[in-house]
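Each chain, written out:
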Amino acid sequence: MDAMQDERDTRPNIIVILSDDQGPWAMGCAGNHEIRTPALDRLAAEGMRLDRFFCASPVCSPARASLLTGQIPSQHGVHDWLAEGNMPADLPGPIRYLDGKPAYTDVLAANGYTCGLSGKWHLGDSLAPQHGFDHWFAHQRGGGPYYDAPMIRDGEPYNEPAYLTDVITDDALGFIEARAEAGGPFYLSVNYTAPHSPWIDNHPAEIVDSYADCPFETIPRDPVHPWAVPGWTPEPGSDRWREQLKGYFAAVTAMDTNIGRIVDLLDRRGLRENTVIVFMSDNGFSTGHHGLWGKGNSTFPLNMYDNSVLVPAIFSQPGTIPSGIVRSEMVSAIDLPHTLLAMTGLAMPNADELPGRSFAPLLSGNAAGFGHRDEIVVFDEYGPVRMIRTETWKYVHRYPYGPHELY
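Residues numbered from 1 in each chain as written. Predicted model: local features only at pLDDT ≥ 70, side-chain atom pairs only at ≥ 80, totals over all residues. Heavy atoms only, no water.

A.B. asks: Break down the nonpolar core for me, with residues and values.
C.D. replies: Counting residues in hydrophobic clusters, the biggest one holds 61 residues, and the most contacted among them are Leu50, Phe53, Tyr104, Leu108, Tyr187, Phe315 and Phe359. In this structure, Ala149, Val167, Tyr192 and Phe279 belong to the second largest nonpolar core, which totals 39 residues. (Core = buried A, V, L, I, M, F, W, Y, C linked by side-chain atoms within 4.5 Å. Buried < 20%, exposed > 50% of the residue type's maximum accessible area, 1.4 Å probe, protein only.)

Encoded structure:
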């Protein structure tokens, strides 16, 4: 084995687990005593939870594009969720929305990492592996039913009859097993559609029924917001409100069970201490908070509530990332590519053109090395709406109609 190969073999594996539409409140370790998330609670106990991690846009496709590229939506050009251009039947046909935009997975693949995707892509041309991914088990679109879900395996579209959260995990486990046998560092995106809608009649009955007697006292019962999109937000305390909450909680718990399967396999394979596990969501979500069900597009005008732009975020690597720590430094999705690459000794090729920076020093326990930010540290975009945020101020500007907000 040559020196370069030996160096590569010592670098950490990376598994990024991304949920879909999960509020920052929807974990036991974040203080919710009603929702069951033992695997996520374990990851937080064995790692670091960041409780002020901001997405770059409070809706899925632009948020995911920013996580991959480190660019804000005005740079990468994806400004809303992508309804078309994912499959051949879409008009105007498959579009690679991030073509020509370097992603951190490109850098990893170019430097000896084998990269795999299991689950949601939702950035166009879902049939084709892109941005350094060698293994590609993708959702055809952006979401939909959890049974009979439209998926792509080995380049062929099909409908998956089994429960999708389990199937995504099964594929991820197969990738990990194959890489454990082959050796060499790997990167894996496990992109669940959970807990995105639909919530009713779409999740294992035994998990849904386990929440039948839950009082949901952790969920606000605010009156429906005057800006709420008609029909999206059920009346607090209504039958529909309860059924949707049971489904939402069940979707999170089912996903958590599967995350536990991934961690257990890493333990069995002796890979846990050499694997960085990241858990986060693409954007936040409300289930009654502010009188809303949804995210940035749950209102008109569009909103930038903290519940829409804050996401759960856990980073775990025993022996490297301090355990049982909660940090409140403000970090953003645009910082993630710099951070993960820094943990492998690599860097984005266009780092000086990107707005983010690495928070790897924070993850190593060196908060002083990360430094204090007193300038603008968070910048969110969604369609014509802009948000800037510092430690003490938050400003929302809505082009062209307003209203604008300053807190």
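The structure having been displayed, the exposition proceeds.
A.B. asks: Which residues make up the packing of aromatic side chains, and what values do they have?
C.D. replies: One pass over the structure, following the stated rule, counts 22 aromatic pairs. With a centroid separation of 5.5 Å and 45 degrees between ring planes, the pair formed by Phe300 and Tyr401 is classed as tilted. Highlighted residues: Phe300 in the loop between strand S11 (293-294) and helix H9 (306-309) and Tyr401 in the loop between strand S18 (394-398) and strand S19 (405-406), separated in sequence by 101 residues. Taking relative accessible area as the criterion, Phe300 reaches 57% and is therefore assigned exposed. Tyr401 sits in the partly exposed class, given a relative accessible area of 38%. Site record: aromatic cluster; members linked through ring pairs are Trp25, Trp199, Tyr211, Phe216, Trp241, Tyr248, Phe249, Phe285 and Trp293. (Phe/Tyr/Trp six-rings, centres within 6.5 Å; stacked < 30°, edge-to-face > 60°. Helix = DSSP H or I, 4+ residues; strand = E, 2+ residues; numbered from the N terminus.)

A.B. asks: An account of the pattern of salt bridges is needed here, citing residue identities and associated values.
C.D. replies: All chains considered together, the criterion is met by 21 salt bridges. A salt bridge links Arg42 to Asp264, with the nearest nitrogen and oxygen atoms 3.4 Å apart. Placement of Arg42 in helix H2 (residues 38-45) and of Asp264 in helix H8 (residues 239-268) is noted, with a sequence separation of 222 residues between them. The class of Arg42 is partly exposed, set by a relative accessible area of 28%. Relative accessible area serves as the criterion here: at 36%, Asp264 is assigned to the partly exposed category. (Salt bridge = Lys/Arg side-chain N within 4 Å of Asp/Glu carboxyl O.)

A.B. asks: Talk me through the sheet that holds strand S12 (residues 310-311); I want residue IDs and the actual numbers.
C.D. replies: Within the open sheet, the three strands sit side by side as S12-S3-S15. Their pairing is mixed. Of all the strands in the sheet, just S12 and strand S15 (331-332) have a single pairing partner and so form its edges. Where strand S3 (residues 53-54) meets S12, two bridges bridge the pair, whose relative direction is antiparallel. Looking at S12, one finds that Phe54 is bridged to Leu310. (Pairing = 2+ DSSP bridges.)

A.B. asks: An account of the pairing of strand S16 (residues 378-382) is needed here, citing residue identities and associated values.
C.D. replies: Across the five residues of S16, four count as buried, placing the element largely inside the fold. Across five bridges, S16 lies against strand S17 (residues 385-389) in antiparallel orientation. When the bridges of S17 are listed, Phe379 appears paired with Ile388. Hairpin connection from S16 to S17: two residues lie between these consecutive antiparallel strands, with Gly383 at a positive phi of about 55 degrees.

A.B. asks: Would you mind going over the environment of Met151 in detail, with residue names and values included?
C.D. replies: Assignment of secondary structure puts Met151 in strand S6 (residues 149-153). With 29 residues separating them in the primary sequence, Met151 and Ala180 have C-alpha atoms 25 Å apart. Leave out the neighbours within four places in its chain, and Met151 touches Phe137, Ala138, His139, Gln140, Glu156, Pro157, Tyr158, Glu160 and Leu164. (Contact = heavy atoms within 4.5 Å.)

A.B. asks: Give me the lowdown on helix H3 (residues 60-69), citing residues and values where you can.
C.D. replies: Extensive coverage of H3 is indicated by the burial of ten of its ten residues. Against strand S1 (13-19), helix H4 (73-76), helix H5 (104-110), strand S8 (186-191), strand S9 (275-281) and helix H10 (336-342) lie the buried residues of H3. Note on H3: the residue one or two positions beyond its end, Gly70, has a positive phi of about 75 degrees.

A.B. asks: Please give an account of the packing of helix H6 (residues 164-182) against H8 that cites residues and values.
C.D. replies: At a minimum axis separation of 10 Å, H6 and H8 run at an interaxial angle of 10 degrees. With respect to H8, the axis of H6 lies roughly parallel. Contact residues: Thr165, Asp166, Thr169, Asp170, Leu173, Ile176 and Glu177 in H6; Ala254, Met255, Asn258, Arg261, Ile262, Leu265 and Leu266 in H8. Broken down by class, the residue content of the contact of H6 with H8 amounts to seven nonpolar, three polar and four charged. (Axes fitted to C-alpha atoms, helices over the stretch in contact; angles between N-to-C directions. Parallel < 35°, antiparallel > 145°, perpendicular 65-115°, else oblique. Nonpolar A, V, L, I, M, F, W, Y, C, P; charged D, E, K, R; others polar.)

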